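Structural features, examined
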Amino acid sequence: MYLDANATTPVAPEALDAMLPWLRGGHENPSAGHSGGKRAREAIERARGQVAALIGAEPGEIIFTGSGTESVNTAILSMHRLCGPGHALVSSIEHSAVLRGAAATGREVVEIPCLADGRVDVDAAQELMRGAAFVSLMTANNETGVIQPLAEIAALAREAGLPVHTDAVQAAGKIPLDVRDPAVEMLSVAAHKFYGPKGVGALFVRRKLRFEPMLHGGGQEQGRRSGTENTPGIVGMGAAAELAASRMPDAAARDAFEAAVNSGLDGVTLNGATAPRLPNTSHLSLDGCDAGGMLILLDEAGVACSAGSACMTGKSNPSHVQLAMGIPEARARTSLRVSFPRDATAETGAAAAEAVIAAASKLRRVQGHGVGPVSVYPVAG
Ligand SMILES: Cc1ncc(COP(=O)(O)O)c(C=O)c1O
């Protein structure tokens, strides 16, 4: 049972079918003037339109990149180079692509604190906009699935004259997105989170926004991202984007899972559950159940999910997201992230709950006898 869809998703058959002709043939360089090159160019431009449609953008506002991380780093570097003095304002629960990308600019990085429900603090964000140069706030968090108050913060940033980038890598394909509402200057996505291939991402850059490329060279992507385009990957991303628009997950699996775990186990905390969340994501702490031990038992039972913390042998390190939410360290070490694929049903949720209840009960029995689990799984995605 694959319950790690926030880490990555399989390639949809339709996306694979779209890619295969470009892997078997269609090798011509999309910048070449001959007819094979022109065919590849046309396929890329079609994909650009498909990706643009998923987020309400115009095709000319989409730059293809090599990953979500590259999109995020490019956006932050561009704002860093073009904005005046001031700090980079990011949230305390961003993915490391944002946190490390911002730190790498050498600018002071100021973090918007997070509330206990997993949403960043809008009032604090407003305060911290004083003296800021630009803002990067994720659309939805990868660990908890909590959807962030992007609309409020983007509106405040607009009043303050600050450009906003949003890391929508986890949100794309799970909830509807529109770059005009809330209006943002830049937005990042990655194909492998919505049933496209790995190693291809896209960055939305609002028309007429001043922009500085991160990669320089042959001038591809209208000079905004040099490097010969990954035709099969881009075509696969386009097909996946088109499919994603009509196949967003619903909350049936997650809701059935949470209801069953809650009624079948004591000592369960559903983190972020009072805030709006991605429909596929459940983040829960299970009293007395080290997350690493849970992952081992679940893996043995054929269930793949993630710990809510990075784990090392014998010791789980609480994630920065959980700590920012004020989750005590001891509880953070017992957190699991269950992220359902989009075709999961209420039955999937019930089966997942059965596996989690069995693993937690076993672990509590073992730990009750003083045998600590050894865990080696880091959180992915
Ligand atoms: C919120 C978020 N941003 C950025 C990334 C980075 O994406 P990629 O691994 O495709 O570079 C991830 C991946 O897990 C993510 O969850």
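Residues numbered from 1 in each chain as written. Predicted model: local features only at pLDDT ≥ 70, side-chain atom pairs only at ≥ 80, totals over all residues.

What to know about the overall build of the protein
Helix and strand counts for the protein stand at 12 helices and 13 strands. In terms of its C-alpha atoms, the protein occupies a principal-axis envelope of roughly 70 × 50 × 35 Å. Across the 381 residues that make up the protein, the buried fraction comes to 51%. Pairs at least 24 residues apart make up 72% of the contacts formed inside the protein by residues separated by at least 6 positions. (Helix = DSSP H or I, 4+ residues; strand = E, 2+ residues; numbered from the N terminus. Buried ≥ 20, exposed ≤ 12 C-beta atoms within 10 Å, placed from the backbone. Contact = placed C-beta atoms within 7 Å.)

Focus: the domain arrangement of the protein
Interface size, as often reported, equals the accessible area lost upon joining of the parts. Each domain of the protein was delimited in the assignment, giving domain 1 (13-246) and domain 2 (252-368). If you average the C-alpha positions of domain 1 and of domain 2, the two centres end up 29 Å apart. Listed per partner, the contact involves 19 residues of domain 1 and 18 residues of domain 2. A per-class count over the side of domain 1 that touches domain 2 returns nine nonpolar, six polar and four charged. (Domains from an automatic or database assignment. Nonpolar A, V, L, I, M, F, W, Y, C, P; charged D, E, K, R; others polar.)

Comments concerning the pairing of strand β2 (residues 87-91)
With four of five residues buried, β2 lies mostly within the body of the structure. Note: β2 against strand β3 (residues 109-112), four bridges, orientation parallel. Paired with Leu 89 across the two strands is Val 110, which belongs to β3. (Pairing = 2+ DSSP bridges.)

Overview of the sheet that holds strand β4 (residues 132-136)
The strand order across the open sheet built from seven strands is β1-β7-β6-β5-β4-β2-β3, with neighbouring strands paired in mixed fashion. Edge positions in the open sheet fall to β1 (62-65) and β3, since each of these has one partner strand only. Put simply, the sheet's adjacent strands are angled 25° from each other on average, direction ignored. Where strand β6 (residues 186-190) lies against strand β7 (residues 201-205), five bridges are found, and the strand directions are antiparallel. (Axes fitted to C-alpha atoms, helices over the stretch in contact; angles between N-to-C directions.)

Observations concerning the nonpolar core
Residues Phe 204 and Ala 240 are the most contacted members of the largest nonpolar core, which totals 83 residues. Mapping this core onto the domain boundaries places at least three of its residues in each of domain 1 (13-246) and domain 2 (252-368). Once residues lying within four places of it in the same chain are set aside, the contact partners of Phe 204 are Ile 55, Ala 57, Glu 61, Ile 62, Val 179, Met 186 and Leu 187. (Core = buried A, V, L, I, M, F, W, Y, C linked by C-beta atoms within 7 Å.)

Examining the sheet that holds strand β8 (residues 268-270)
Read from one edge of the open sheet, four strands run β8-β9-β13-β10, paired in antiparallel fashion. At either margin of the open sheet sits one strand with a lone partner, and together these are β8 and β10 (306-307). As defined by bridge partners, β10 adjoins strand β13 (residues 335-339) across two bridges and the pair is classed as antiparallel. Bridging across to β13, Ala 307 finds its partner in Leu 336.

A word on unusual backbone geometry
That bond from Asp 181 to Pro 182 is cis: its omega, 0°, falls within 30 degrees of zero. Residue position: Pro 182 is located in the loop between β5 (164-167) and β6. Phi at Lys 208 takes a positive value of approximately 75°, unusual for a residue other than glycine. If you trace the backbone, Lys 208 turns up in the loop between β7 and α7 (231-246).

Considerations on the confidence of the model for the protein
Predicted coordinates in areas of low pLDDT are best not read in detail. Scored by pLDDT, the protein has a mean of 94; 94% of the residues are at 70 or more. For the stretch residues 373-378, pLDDT sits under 50, and the model shows 24 contacts to residues farther than four places along the chain or on other chains. (pLDDT = per-residue confidence, 0-100.)

Describing the pairing of strand β9 (residues 281-286)
Counted residue by residue, β9 has six buried out of six residues, so it is predominantly covered. Neither face of β9 is open: one carries Thr 281, His 283 and Ser 285, the other Ser 282, Leu 284 and Leu 286, and all of them are buried. Bridge analysis of β8 against β9 gives three bridges, and the strand direction is antiparallel. For Leu 270, the partnering residue across the bridge sits in β9 and is Leu 284. Two strands pair when backbone bridges link them, and β9 and β13 are joined in this way by five bridges, in the antiparallel orientation. Bridging from a neighbouring strand, Thr 281 pairs with Ser 339 of β13.

Thoughts on the packing of helix α3 (residues 68-82) against helix α4 (residues 96-104)
Orientation of α3 relative to α4, taken along the N-to-C sense of each, is 35°, at an axis distance of 9 Å. When the axes of α3 and α4 are compared, the crossing they make is right-handed. For the pair α3 and α4, contact is made by Gly 68, Thr 69, Val 72, Asn 73 and Ile 76 and by Ala 97, Val 98, Gly 101 and Ala 102, respectively. Partitioning the contact of α3 with α4 into residue classes produces five nonpolar, four polar and no charged. (Left-handed = near helix turned anticlockwise from the far one by under 90°.)

Overview of the packing of helix α2 (residues 35-55) against α7
Here α2 crosses α7 at 35°, and the two axes come no closer than 8 Å. For the crossing formed where α2 meets α7, the hand is left-handed. Contacts between α2 and α7 involve Ala 40, Ala 43, Ile 44, Arg 46, Ala 47, Gln 50, Val 51, Ala 53 and Leu 54 on the former and, on the latter, Thr 231, Ile 234, Val 235, Met 237, Gly 238, Ala 239, Ala 241, Glu 242, Ala 244 and Ala 245. For the contact of α2 with α7, the per-class residue count stands at 14 nonpolar, three polar and two charged.

Some points on α7
Relative to the 22 Å expected for 16 residues at 1.5 Å per residue, α7 spans 24 Å between its end C-alpha atoms, a close match to the ideal helical length. Within α7, 14 of the 16 residues are buried, which leaves the element mostly enclosed by the surrounding structure. (Expected span 1.5 Å × (residues − 1).)

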